[in-house]
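The lines below spell out each chain.
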Amino acid sequence: MPITKAIILSAGKGSRLHPLTDDRPKCLIELSGKSLLEWQLDALAANGLTDIVVVTGFRDDLVDAVVAPRSGVRTLFNPFYHVADNLGSVWMARAEFDGDVLLLNGDTLLAPSLIASVLNGVHGAITVTVDEKDDYDADDMKVLRDGDRLLRIGKALEPGHYNAESIGFLAFLGAGPGLFVGEVERMMHTSEGTRRWYLRAIDALAQRVEVRTVSIKGEQWQEVDFLEDVEKAKVLTARWAAGEGF
């Protein structure tokens with residue numbers, strides 16, 4: 001059965017994108033005529049995703065308005081977005097991990113062909129999408145792989161102990177959703193739970209079960225986390241708007 005459900009984590013304000021996010025969430029930054037979220041929704045729809053849950057927080061009313069006209073797309077409000085990191089958003093959406101599902105960060109632009117590549121390359125209960133490059137910076141979510149098996153994931157991995165980066169796009173099949181939610185629940189019961197990224201749960205799971213990776217090297221994508229990323233995203237989406245790669 002193909003994966004038809006996706007969860008997008010879009011609760012954060014995106015403070016590092018001030019002043020663009022003073023009155024709207026990061027996911028609604030306009031890029032070449034559409035918001036970041038709309039580019040995501042269109043790319044997912046192009047790959048047959050028919051049930052999409054957008055986890056909201058800051059200015060959820062604005063996101064609700066964008067989502068309302070779209071069939072098969074709904075929102076889930078995270079009231080703790082201002083005091084919890086994205087592990088809290090996953091915890092709020094834990095009931096939505098009720099079958100095979102994709103999980104996507106709300107600040108990541110993905111070409112439809114990239115999503116298709118991931119859907120075709122998923123081959124384990126938990127799969128993390130990675131890219132490869134020559135140099136990695138402090139803000140990259142670094143990944144250590146052995147073949148296609150994920151051994152570690154985290155921003156603070158030591159130099160020489162990583163060979164890819166996570167792009168914030170995961171797939172869960174079969175037992176995968178249950179394993180992930182179980183680890184998220186365990187972490188949220190600790191004193192540091194609200195201050196954790198959900199990929200800490202993936203790192204912990206990788207010590208006990210097989211977590212796989214799929215490389216999308218050469219595919220088009222862009223994280224939008226800093227103001228300089230916005231300019232790169234505008235260049236990319238301008239090509240998409242012109243019919244190149246979208």
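Here's a quick rundown of the structure. Each chain carries its own residue numbering, running from 1 in the written order of its sequence. Given that the model is predicted, a residue must reach a pLDDT of at least 70 before its local features are reported, and side-chain atom pairs must reach 80 or more before they are shown or counted; all residues, however, enter totals for whole chains, interfaces and linings. Side-chain calculation: all heavy atoms of the structure are included, whereas hydrogens and water are not.

Structural notes on the nonpolar core
Part 1 of the reasoning: Formed by 32 residues in total, the largest nonpolar core has its most connected members in Ile-7, Phe-97, Leu-103, Phe-172, Phe-180, Tyr-198 and Ile-202.
Part 2 of the reasoning: The criterion used for residue contact is that any of the two residues' heavy atoms lie within 4.5 Å. Sequence-distant contacts of Ile-7, defined by excluding residues within four places in its chain, comprise Val-53, Val-55, Ala-93, Glu-96, Phe-97, Val-101, Leu-102, Leu-103 and Leu-104.
Part 3 of the reasoning: Counting residues in each nonpolar core, the second largest holds 28 residues, with Ala-6, Ile-52, Val-54 and Val-118 among its members. Take the buried Ala, Val, Leu, Ile, Met, Phe, Trp, Tyr and Cys residues and link them wherever side-chain atoms come within 4.5 Å; each set so joined is a nonpolar core. Categorising residues by exposure relies on relative accessible area from a 1.4 Å probe, with only protein chains included: less than 20% of the type maximum marks a residue as buried, more than 50% marks it as exposed, and the intermediate range marks it as partly exposed.

Describing helix H4 (residues 112–121)
Part 1 of the reasoning: By the burial criterion, the buried members of H4 are Pro-112, Leu-114, Ile-115 and Val-118. Seen end-on, H4 carries its buried residues on one side only, within an arc spanning 160°.
Part 2 of the reasoning: Against the buried residues of H4 lie helix H1 (36–45), strand S7 (108–110), strand S8 (126–131), strand S11 (164–172), strand S12 (212–215) and strand S13 (221–223). Only DSSP runs of H or I covering at least 4 residues are called helices, and only runs of E covering at least 2 are called strands; the numbering of each starts at the N terminus. Taken from the helix axis, the directions to the C-beta atoms give the arc we talk about.

Section: the environment of Trp-39
Part 1 of the reasoning: Counting through the fold element by element, Trp-39 comes out in helix H1.
Part 2 of the reasoning: Residue classification places Trp-39 among the buried positions, given a relative accessible area of 3%.
Part 3 of the reasoning: Separated by 72 residues in the primary sequence, Trp-39 and Ala-111 place their C-alpha atoms 8.7 Å from one another.
Part 4 of the reasoning: Not counting residues up to four positions away in its chain, the partners in contact with Trp-39 are Leu-31, Ser-32, Lys-34, Leu-109, Thr-237, Trp-240, Ala-241 and Phe-246.

Concerning the packing of helix H5 (residues 176–188) against helix H6 (residues 199–206)
Part 1 of the reasoning: Packing of H5 against H6 brings their axes to within 9 Å, and their N-to-C directions diverge by 110°. Considering the angle they form, H5 stands roughly perpendicular to H6. Crossing geometry of H5 relative to H6 is assigned as right-handed. Listed contacts from H6 to Leu-179, Phe-180, Glu-183, Val-184 and Met-187 of H5 are Arg-200, Ala-201, Ile-202, Ala-204 and Leu-205.
Part 2 of the reasoning: A breakdown of the residues in the contact of H5 with H6 according to their chemical character gives eight nonpolar, no polar and two charged. Between N-to-C directions, angles cover 0 to 180 degrees, with each direction set by a line fitted to C-alpha atoms, over the stretch in contact for helices. Working rule for angles: under 35 degrees goes down as roughly parallel, over 145 as roughly antiparallel, 65 to 115 as roughly perpendicular, anything else as oblique. What makes a crossing left-handed is the near helix being turned counterclockwise from the far one by less than a right angle; a clockwise turn instead makes it right-handed. Under the scheme applied, nonpolar residues are Ala, Val, Leu, Ile, Met, Phe, Trp, Tyr, Cys and Pro; charged residues are Asp, Glu, Lys and Arg; polar residues are all the others, including Gly.

Focus: the packing of aromatic side chains
Note on aromatic pairs: each is described by the distance of the centres and the angle between the planes.
Part 1 of the reasoning: Pairing of aromatic rings covers Phe, Tyr and the six-membered ring of Trp, with a centre-to-centre limit of 6.5 Å; geometry is then stacked below 30 degrees between planes, edge-to-face above 60, and tilted otherwise. The full count for this structure, using the stated rule, is eight aromatic pairs.
Part 2 of the reasoning: With a centroid separation of 5.6 Å and 80° between ring planes, the pair formed by Tyr-136 and Tyr-162 is classed as edge-to-face. Pair noted here: Tyr-136 is in the loop between S8 and strand S9 (142–146) and Tyr-162 is in the loop between strand S10 (149–154) and S11, with a separation of 26 residues, a long-range link. The exposure classification of Tyr-136 matches that of Tyr-162, with both residues buried.
Part 3 of the reasoning: Measuring from ring centre to ring centre gives 6.2 Å for Phe-180 and Tyr-198, while their planes differ by 80°; the resulting arrangement is edge-to-face.

Some points on the environment of Arg-239
Part 1 of the reasoning: Take Arg-239: it is sitting in helix H7 (residues 227–241).
Part 2 of the reasoning: Sequence separation between Arg-239 and Ser-32 is 207 residues; the distance between their C-alpha atoms is 9.0 Å.
Part 3 of the reasoning: What Arg-239 contacts, discounting residues up to four positions off in sequence, is Gln-220 and Glu-244.

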